[in-house]
Amino acid sequence: MAEKLWRQEIELLQNYGKHKTFTFTTSSSSAEDAVTLSGIMSEANKVSFVVESADAYIEFDDDATTSSMLIPQNEGYYDEGIWFNTKISILRTASTNVRIRGIIW
């Protein structure tokens, strides 16, 4: 029993060793990769970002579409129970380019 509790405590104490900050501005009306995990980490389990300049659709591990998660201008998103392993894709909702700033762990 003590060993099981010790293992759980160790798991809780572990921090996120790898992280990546990013800033990306769209330049087209198509879905674009705001950040890719390739060469940085094999997966992300925590994400935080803010969408600036205009509304945008966001998708994890796939290209963003008009069915993706809509984040309004100057709003953010945070999730510490997420899992994705390739990219965050962004699609602007109108003609105004969108900037996204964030961090992944």
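Structural data are supplied above this passage.
The following refers to the structure shown. Remember, it's a predicted structure, so these values are computed and weren't measured experimentally.

Quick look at unusual backbone geometry
Stage number 1. A positive phi is found at Ser 53, a non-glycine position, where the angle reads about 80 degrees.
Stage number 2. Mapping Ser 53 onto the fold places it in the loop between β3 (47-52) and β4 (56-60).
Stage number 3. The class for Ser 53 is partly exposed, based on a relative accessible area of 35%.
Stage number 4. For Asp 61, which is not glycine, the phi torsion reads 65 degrees and is therefore positive.
Stage number 5. Within the element layout of this structure, Asp 61 appears in the loop between β4 and β5 (69-71).

A few points about the packing of aromatic side chains
Stage number 1. One pass over the full model with this rule turns up 3 aromatic pairs.
Stage number 2. Both rings, one in Phe 60 and one in Tyr 77, keep their centres 6.0 Å apart while their planes meet at 40 degrees; by these two values the pair is tilted. Of this pair, Phe 60 sits in strand β4 while Tyr 77 sits in strand β6 (residues 75-79), and the two are 17 residues apart along the sequence.
Stage number 3. When the centroid spacing of 5.0 Å and the interplanar angle of 40 degrees are considered together, the rings of Phe 60 and Phe 84 count as tilted. Of this pair, Phe 60 sits in strand β4 while Phe 84 is found in the loop between β6 and β7 (87-92), placing the two residues 24 residues apart along the sequence. Neither Phe 60 nor Phe 84 differs from the other in exposure class; each is buried.
Stage number 4. One aromatic cluster is present, formed by Phe 49, Phe 60, Tyr 77 and Phe 84 through successive ring pairs.
Stage number 5. Above the plane of the ring of Trp 105 lies Lys 46, whose end atom (NZ or CZ) is 4.7 Å from the centre.

Here is what the cut-offs are and how they apply
- Residues numbered from 1 in each chain as written.
- Predicted model: local features only at pLDDT ≥ 70, side-chain atom pairs only at ≥ 80, totals over all residues.
- Heavy atoms only, no water.
- Helix = DSSP H or I, 4+ residues; strand = E, 2+ residues; numbered from the N terminus.
- Buried < 20%, exposed > 50% of the residue type's maximum accessible area, 1.4 Å probe, protein only.
- Phe/Tyr/Trp six-rings, centres within 6.5 Å; stacked < 30°, edge-to-face > 60°.
- Lys NZ or Arg CZ within 6 Å of the ring centre and 35° of its normal.

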